[in-house]
Amino acid sequence: MVAAPMFLVSGPDLVIAASRSGILGAFPTTNCRTTADLDGWMGQISDAVGAEGRWAVNLITHRTNNRLADDLALVAEYQPPVVITALGSPRPVMETVKGYGGIVIADVIDLALARKAVAAGVDGLACVSTGAGGHTGHLSPFSFVSSVRRFFDGLVVVGGGIADGYALAGAVAAGADLAYVGTRFLATRESLAVPSYKQMVVDLGIDDIQVSAAVTGTPASWLAPSLHAAGYSDGDTAPPRNYDASDDPAKRWKDIWAAGQGLDSIDAVCSVDEVVDQMQMQYLSAIERLQRSTPTAAAAVR
Ligand SMILES: Cc1cc2nc3c(=O)[nH]c(=O)nc-3n(C[C@H](O)[C@H](O)[C@H](O)COP(=O)(O)O)c2cc1C
């Protein structure tokens, strides 16, 4: 399982706790305002998890990211075992990351992007599907994995509404190697989300999610009450006039809270370790269920 990178939410505490729980922790480098801050975070994480620790950084490779070269220099220095690229081609990071033996995973939302990433030589694809929090996909996770598996035998990670161990088992049964899980970690003690955001995640459910492209220009999945509080109405295609989106994307993500369809699995704020334990129990029980159903299914086929 990957604790998926979340803007303004994933920091060193979440990444370190994820790594110590045996999963892959990740954070977007954009969570650091400056390269000096990023240097500090990467140093803190690599010291805490050690040489064998599993952690990842998420780099925005879109040409508008003018910090990419500086961030990449720190990647070369700290050598996170995994680099996840988003919102652009993975090509700019390939040489650096492959140079130190790291793994490159490209975040993709459709087959065209998946094929381009494979052509660029990535080790893995993070197939962001419908139901995902933040910038979301539109494909069914099952269909997406199935289509990708027809031409790619590398690492397949799938995300979108996976928030319990049953869904995790479903993803693996469908052909994925790993699940990309964001929303489930929003209401953890280690997340950087403010307390009222965490509480909303605990209190609300699947019907309270709204996908809108009006906030960032790209379809993203939000907690509807936070959208409404910022002055958005359902069906808006652009920011409302009374909302000052300014040029700073952090302002929007600070005011309006992203989450995916897995909300109903979250009943309380707890630690990353507790989430991983609970999901592991559910995963094992899903496997038992599959095993129990196998003879019946086999008999039915006969
Ligand atoms: C609050 C929030 C912020 C996010 N920020 C980022 C980001 O900065 N970069 C990125 O690649 N994905 C980001 N995502 C998407 C996640 O990495 C991941 O694709 C998604 O959370 C998986 O779906 P789930 O939320 O249903 O588990 C964000 C998701 C959330 C909920």
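Criteria and thresholds
Residues numbered from 1 in each chain as written. Predicted model: local features only at pLDDT ≥ 70, side-chain atom pairs only at ≥ 80, totals over all residues. Heavy atoms only, no water. UniProt positions renumbered as here; feature names shortened; annotations may be inferred. Buried < 20%, exposed > 50% of the residue type's maximum accessible area, 1.4 Å probe, protein only. Helix = DSSP H or I, 4+ residues; strand = E, 2+ residues; numbered from the N terminus. Pairing = 2+ DSSP bridges. Contact = heavy atoms within 4.5 Å. Core = buried A, V, L, I, M, F, W, Y, C linked by side-chain atoms within 4.5 Å. Near = heavy atom within 4 Å. Polar contact = N/O pair within 3.5 Å; in protein donor to acceptor, adjacent residues only side chain to side chain. Areas by Shrake-Rupley, 256 points an atom, 1.4 Å probe, with all protein chains shown as cover. Nonpolar A, V, L, I, M, F, W, Y, C, P; charged D, E, K, R; others polar.

- An unreviewed UniProt entry lists the protein chain under the name Nitronate monooxygenase, with Leekyejoonella antrihumi given as the organism.
- Recorded in UniProt under Sequence similarities (unreviewed entry), the annotation for the protein chain is "Belongs to the nitronate monooxygenase family. NMO class I subfamily."

## Overview of the pairing of strand 6 (residues 124-128)
Then step 1. Where burial is concerned, most of strand 6 is hidden: 5 out of the 5 residues are buried.
Then step 2. Direction of pairing for strand 6 relative to strand 8 (residues 155-159): parallel, over a ladder of 5 bridges. Residue pairing for strand 8: Ala126 is matched across the bridge by Val157.

## What to know about helix 8 (residues 195-203)
Then step 1. Among the residues of helix 8, those classed as buried are Tyr197, Lys198, Met200, Val201 and Val202.
Then step 2. Taken together, the buried residues of helix 8 touch strand 11 (220-223) and helix 9 (224-229).

## Re the sheet that holds strand 11
Then step 1. An order of 7-11-10 is seen for the 3 strands of this open sheet, with the pairing classed as antiparallel. Among the strands making up the open sheet, the edge pair consists of strand 7 (134-135) and strand 10 (209-212).
Then step 2. Bridging between strand 7 and strand 11 involves 2 bridges; their strand directions are antiparallel. Residue pairing for strand 11: Gly134 is matched across the bridge by Ser221.

## With respect to the nonpolar core
Then step 1. Residues Phe27, Val75, Leu125, Phe185, Tyr197 and Leu223 are the most contacted members of the largest nonpolar core, which totals 80 residues.
Then step 2. In terms of nonpolar packing, the next biggest core, distinct from the first, is built from 13 residues, Ala56, Ile84, Ala126 and Val128 among them.

## Observations concerning the site of the ligand
Then step 1. The full set close to the ligand counts 23 residues, and Pro5, Phe7, Gly161, Gly182 and Thr183 are the nearest of them.
Then step 2. Backbone polar atom of Gly133 to an oxygen atom of the ligand: 3.0 Å apart, as the coordinates give it.
Then step 3. Taking Thr183, its side chain carries an N or O atom lying 2.6 Å from an oxygen atom of the ligand.
Then step 4. Burial of the ligand by the surrounding chains reaches 94%, relative to a free accessible area of 600 Å².
Then step 5. Counted by class, the shell around the ligand contains 14 nonpolar, 8 polar and 1 charged residues.

## Overview of the environment of Leu72
Then step 1. Mapping Leu72 onto the fold places it in helix 3 (residues 68-78).
Then step 2. Put simply, Leu72 and Val93 are 21 residues apart on the chain and 7.2 Å apart in space, counted from C-alpha to C-alpha.
Then step 3. Not counting residues within four places of it along the chain, the set of residues in contact with Leu72 comprises Leu59, Pro92, Val93 and Thr96.

## As for unusual backbone geometry
It is generally the case that most residues other than glycine have a negative phi and that most peptide bonds are trans.
Then step 1. Its identity as a non-glycine residue notwithstanding, Leu8 has a phi of 65 degrees, on the positive side.
Then step 2. Within the secondary structure layout, Leu8 lies in the loop between strand 1 (2-3) and helix 1 (12-20).
Then step 3. Judged by its relative accessible area of 27%, Leu8 is partly exposed.
Then step 4. We note that Leu87 has phi near 55 degrees; this positive angle belongs to a residue other than glycine.
Then step 5. Classification of Leu87 by relative accessible area gives partly exposed; the value is 46%.

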